[in-house]
Amino acid sequence: TITRGCNNFCSYCIVPYVRGRERHRSADAIIGDVNLMVEQGVVEVTLVGQNVNSYKSDGTDFPDLLSRVAQETDIKRLRFITSHPKDISDKLIDLFASEPKLMGHLHLPLQCGSDEVLKNMFRGYSYGHYKKRIDRLRVARPGISLTTDLIVGFPGETYEQFQMTLTAAREIRYDSAFMFRYSSRSGTYAAKNLPDDIPEEQKLTRLQELIEIQKLISFEVNQKEVGLTDDVLIDGVSRRDDKVLKGKTSGNKTVLVPGSSDLIGSIVSVKVHSADSWTLHGDLVG
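Residues numbered from 1 in each chain as written. Predicted model: local features only at pLDDT ≥ 70, side-chain atom pairs only at ≥ 80, totals over all residues. Heavy atoms only, no water.

Quick look at the overall build of the protein chain
Link 1 in the chain: A count of helices and strands for the protein chain gives nine helices and 14 strands.
Link 2 in the chain: In summary, the protein chain has a C-alpha radius of gyration of 20 Å against a globular reference of 19 Å for 286 residues, a match within 12%.
Link 3 in the chain: On the principal axes, the C-alpha backbone points of the protein chain span a range of 55 × 45 × 35 Å.
Link 4 in the chain: Taking all 286 residues of the protein chain together, the buried fraction comes to 47%.
Link 5 in the chain: In the protein chain, the proportion of contacts linking residues at least 24 apart, taken out of those at least 6 apart, comes to 70%.
Link 6 in the chain: Here the protein chain contributes 37 positively and 38 negatively charged side chains, and the mean placements of these two sets differ by 2 Å. (Helix = DSSP H or I, 4+ residues; strand = E, 2+ residues; numbered from the N terminus. Rg over C-alpha atoms; globule rule 2.2 N^0.38 Å. Buried < 20%, exposed > 50% of the residue type's maximum accessible area, 1.4 Å probe, protein only. Contact = heavy atoms within 4.5 Å. Lys, Arg positive; Asp, Glu negative; His and termini not counted. Charge placed at Lys NZ, Arg CZ, Asp CG, Glu CD.)

Description of the nonpolar core
Nonpolar side chains tend toward joint burial in soluble globular proteins.
Link 1 in the chain: The biggest cluster of nonpolar side chains holds 62 residues, and the ones touching the most others in it are L47, F62, L65, V69, F80, L106 and L137.
Link 2 in the chain: When neighbours within four sequence positions are excluded, F62 is seen to be in contact with I2, L47, V52, N53, Y55, F80 and L92.
Link 3 in the chain: V232, I234, V272 and L280 belong to the second-largest nonpolar core, a separate cluster that totals ten residues. (Core = buried A, V, L, I, M, F, W, Y, C linked by side-chain atoms within 4.5 Å.)

What to know about the sheet that holds strand β8 (residues 145-152)
Within a sheet, adjacent strands bond to each other through the backbone by hydrogen bonds, running parallel or antiparallel.
Link 1 in the chain: If you walk across this open sheet you meet the three strands as β7-β8-β9, and the pairing is parallel. Both outer strands of the open sheet, β7 (105-107) and β9 (176-181), are each paired with one neighbouring strand and no more. Taken over all neighbouring pairs, the strand axes of this sheet differ in orientation by 10° on average, direction set aside.
Link 2 in the chain: Here β8 runs beside β9; their pairing, made up of six bridges, is parallel. By the bridge assignment, I151 is partnered in β9 with F180.
Link 3 in the chain: Of the strands in this sheet, β8 and β9 touch helix α9 (residues 200-223), which is tilted by about 175° from β9. (Pairing = 2+ DSSP bridges. Axes fitted to C-alpha atoms, helices over the stretch in contact; angles between N-to-C directions.)

Some remarks on the packing of aromatic side chains
Link 1 in the chain: Counted under the stated rule, the structure contains eight aromatic pairs.
Link 2 in the chain: Judged by centre distance (4.7 Å) and plane angle (50°), the ring pair of F122 and Y189 falls under tilted. Of this pair, F122 sits in the loop between α5 (115-120) and α6 (127-140) while Y189 sits in helix α8 (residues 189-193), and the two are 67 residues apart along the sequence.
Link 3 in the chain: Overall, the relative accessible area of 35% leaves F122 in the partly exposed class.
Link 4 in the chain: The exposure class assigned to Y189 is partly exposed, which follows from its relative accessible area of 37%.
Link 5 in the chain: Measuring from centroid to centroid gives 6.2 Å for Y159 and F162, while their planes differ by 50°, and the two rings are tilted. In this pair, Y159 and F162 are both assigned in helix α7 (residues 159-172), three residues apart and thus about one turn of the helix distant.
Link 6 in the chain: On the basis of relative accessible area, Y159 is assigned to the partly exposed category, the value being 46%.
Link 7 in the chain: Judged by its relative accessible area of 0%, F162 falls in the buried class.
Link 8 in the chain: In this structure an aromatic cluster arises from ring pairing among Y12, F154 and Y182. (Phe/Tyr/Trp six-rings, centres within 6.5 Å; stacked < 30°, edge-to-face > 60°.)

Digging into the sheet that holds strand β13 (residues 267-275)
Link 1 in the chain: With respect to topology, five strands assemble into a closed barrel ordered β10-β11-β12-β14-β13, the strand pairing being mixed. Strand-to-strand twist across the sheet, computed as the mean angle between neighbouring axes with direction ignored, equals 55°.
Link 2 in the chain: Of the strand pairs in this sheet, strand β10 (residues 229-237) and strand β11 (residues 244-248) are connected by four bridges, and their pairing is antiparallel. By the bridge assignment, L233 is partnered in β11 with K248.

Observations concerning the side chain of K203
Link 1 in the chain: By the secondary structure assignment, K203 is in helix α9.
Link 2 in the chain: Not counting the four nearest positions on each side in its chain, K203 is found in contact with V152, G153, R181, Y182, D196 and I198.

With respect to α9
Link 1 in the chain: Between its terminal C-alpha atoms α9 stretches 35 Å, which fits the 34 Å expected from 24 residues at 1.5 Å a residue.
Link 2 in the chain: Those residues of α9 that fall on the buried side of the exposure criterion are K203, R206, L207, L210, I213, Q214, I217, S218, V221 and N222.
Link 3 in the chain: In this structure, the buried side of α9 is in contact with β8, α7, β9, β13 and β14 (280-284). (Expected span 1.5 Å × (residues − 1).)

Describing the pattern of salt bridges
Link 1 in the chain: Counted according to the given criterion, the structure contains 19 salt bridges.
Link 2 in the chain: Its salt-bridge partner being D90, residue R136 comes within 3.5 Å of it at the nearest N-O pair. Taken as a pair, R136 in helix α6 and D90 in helix α4 (residues 90-98) lie far apart in primary sequence, 46 residues in all.
Link 3 in the chain: Between K246 and D235 there is a salt bridge whose closest N-O contact spans 3.1 Å. Within this pair, whereas K246 is found in strand β11, its partner D235 is found in strand β10, the two being separated by eleven residues in sequence.
Link 4 in the chain: The partly exposed category is assigned to K246, whose relative accessible area is 31%.
Link 5 in the chain: Beyond isolated ion pairs, a larger network of salt bridges with shared partners links D90, D94, R133 and R136. (Salt bridge = Lys/Arg side-chain N within 4 Å of Asp/Glu carboxyl O.)

See the structure below:
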């Protein structure tokens, strides 16, 4: 954890009320933690915060922190979560092009494809701004894996506005997405001021339509992985077969590969031979 709390106060979110305003740890303390983990055998670390993009400590911003962790530790793989679209900077995007330790995956919550709904959510960006960030990322790191959060049935969401979210999913073609129907959280601005006026049955119908579209997109995107070889961090054994290992690609996708448990914790080369919407399947190379 590099930061706690949140300053954004999205209208549907309770986090700033229960975790308070942002508090940022010093860069030196974070680097010390990573070095200690490396001594203990850790090969990959994820820097965590409600909005890591707004990290600032003693003149060090978030891209600076990532660079320092990469340069001042022997960690092999570096990730972070979660980013806020209004705060993702050109400087951070450029780091995806220049820092090989930074893995090729970004989780960037869109929430909705409608500018009006985004405004009611207090998100602080438009869909157009978000899409331009995505386009720049894909230039900086071709093949970057992109994931997101999407909410349907937000108060006042019309059918046409819901369709804008479907259009956004089709345009951006996320590798995967966490998808939710809106549910009111006591104490938030939305709960106090925006009537929860979308019937539950309609929310569920919209959610299922979104899930089906994203499932097909994820399947099609994953087919592009077939035939490719990637470095995979083996992190465990398959729940269904103890002779099959599971790991994460550089794009943070789960891959299953036959092998022995003594490879857990190792980074190995895997060639993907098949894929479904959620999982890649491959074989060890070499």
